[in-house]
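Given next are the chains, with one letter for each unit.
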Amino acid sequence: MGIIDGKMVASQIKENITTEVQSLKKKTGKSPGLAVVLVGDDPASAVYVRNKNKTCNNIGFQSFENILPANTSESELLNLIHELNNDEKVNGILVQLPLPNHIASKKILEAINPQKDVDGFHLENVGRLVTGHSLFKPCTPAGIIKLLDKYDVEIEGKNAVIIGRSNIVGKPVAFLLLERNATVTICHSRTKNLSNLTRSADILIAAIGKPNFVTADMVKDNSVVIDVGINRLAGKLVGDVDFSSVVKKASLITPVPGGVGPMTIAMLMENTFRAFKNSLK
Ligand code: NAP
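All values derive from a computational prediction rather than experimental measurement.

## Details of helix α7 (residues 170-179)
Piece 1. Within the span of α7, buried status applies to Gly-170, Pro-172, Val-173, Ala-174, Leu-176 and Leu-177.
Piece 2. Tucked into the core, α7 has its buried residues touching α5 (123-130), α6 (139-150), β4 (159-163), β5 (183-187) and β6 (203-206).
Piece 3. In the segment just after α7, Asn-181 is the residue with positive phi, at about 70 degrees.

Structure, rendered in structure tokens:
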């Protein structure tokens, strides 16, 4: 039984980036730049954007905050994306989702220069990921793989079961696990006999968005359980996994908070740093 400390792993990653940024700045006079775009005043999104800016400042990145009113038109937003695409100081562009309903997210994400698409959501980058030639791996799935590696979890040949098939977590993490030679099963709301499948998992990943959904009876003894969920329950943050019962059965488990969440931001910084280094070539 062990608890995966995502906060600690994320701190180490950010420390390493900080050191490298300092030495590259001495050599080139330049530092990485991340532009974050937020449309509207969704409180959760505002918190995410604030955290991203704070992290940028802490590790020596320039951060460019673009906070636009909820009534911003699609064409105004597209114009901003074009400006950021052409701005040399901006290496990464992140558009905070969800966007207001009158804006087609797909159109906006496709307008981002794929070389600056540090979220990895542009179709070109999705295609690269699926074919094993990724430029930027989506941050949450990349963070999950990094945690498994840091804790020496063998992936090759293992049964990995993912609950959730979203484009930002479930599907990309499936491709990353497949790339590492796991045998992958993706489950969703229409999956029959879910518990039978989850009980076959050596590595179980829950990305559902339902508090405490995965209970101990759904989990194999000594498996590794990764909880992606972030849910608010009675004023507290809880994951998709019933931590208190599953922790007794799993060999390793991520807590919420302090598991996958901090890794997502660390991977965003890593992707931005990669974009910066690519721009120097
Ligand atoms: P999403 O787009 O809502 O997808 C949820 C998935 O769960 C869907 O594929 C859905 O199936 C499946 N599902 C729902 N009910 C189910 C059930 N009863 N049985 C089996 N599958 C079920 O969510 P998401 O964006 O992937 O996010 C998932 C969770 O992770 C959320 O709590 C979110 O806040 C959190 N999250 C955390 C981070 C982080 O950094 N830690 C990052 C991203 C997301 P269908 O496709 O059939 O509807």
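## Considerations on the side chain of Thr-140
Piece 1. Tracing the sequence through the fold places Thr-140 in helix α6.
Piece 2. Given the relative accessible area of 16%, Thr-140 is considered buried.
Piece 3. Apart from residues lying up to four places away in sequence, Thr-140 is in contact with Val-169, Val-228, Val-260 and Thr-264.

## Here we look at the packing of aromatic side chains
The geometry of two aromatic rings is summed up by the distance between their centres and the angle between their planes.
Piece 1. Taken as a whole, this structure holds 2 aromatic pairs when the rule is applied.
Piece 2. Here the aromatic rings of Phe-273 and Phe-276 are separated by 6.3 Å at their centres, their planes lie at 20 degrees, and the arrangement is stacked. Residue Phe-273 and its partner Phe-276 are both found in helix α10 (residues 260-280); the two are separated by 3 residues, about one turn of the helix.
Piece 3. The class of Phe-273 is buried, set by a relative accessible area of 3%.
Piece 4. Ring pairs connect the aromatic residues Phe-61, Phe-273 and Phe-276, which therefore count as one cluster.

## What about unusual backbone geometry?
Piece 1. In this structure, the amide linkage connecting Leu-97 to the following residue, Pro-98, adopts the cis form with an omega of 0 degrees.
Piece 2. Along the chain, the position of Pro-98 falls in the loop between β3 (92-95) and α4 (105-111).
Piece 3. Backbone geometry places Asp-152, a non-glycine residue, at a positive phi of 55 degrees.
Piece 4. Here Asp-152 shows up in the loop between α6 and β4.
Piece 5. Of the residues examined, Asp-152 reaches a relative accessible area of 69% and is grouped as exposed.
Piece 6. A positive phi angle, near 65 degrees, is found at Asn-222, a position not held by glycine.
Piece 7. Structurally, Asn-222 can be placed in the loop between β6 and β7 (224-227).

Rules used throughout
- Position labels on residues start from 1 in each chain and follow its written sequence.
- Totals for whole chains, interfaces and linings use all residues, but because this is a predicted model, local features are given only for residues with pLDDT of at least 70 and pairs of side-chain atoms are given and counted only at 80 or more.
- Remark: hydrogens and water are excluded; side-chain values derive from all non-hydrogen atoms of the structure.
- Type-normalised accessible area, obtained with a 1.4 Å probe on protein chains alone, sets the label of each residue: buried when under 20%, exposed when over 50%, and partly exposed for intermediate values.
- Helix and strand definitions here come from DSSP, where helices need a minimum of 4 consecutive H or I residues and strands a minimum of 2 consecutive E residues; each element is numbered from the N-terminal end.
- In what follows, a contact means two residues having at least one pair of non-hydrogen atoms within 4.5 Å.
- Pairing of aromatic rings covers Phe, Tyr and the six-membered ring of Trp, with a centre-to-centre limit of 6.5 Å; geometry is then stacked below 30 degrees between planes, edge-to-face above 60, and tilted otherwise.

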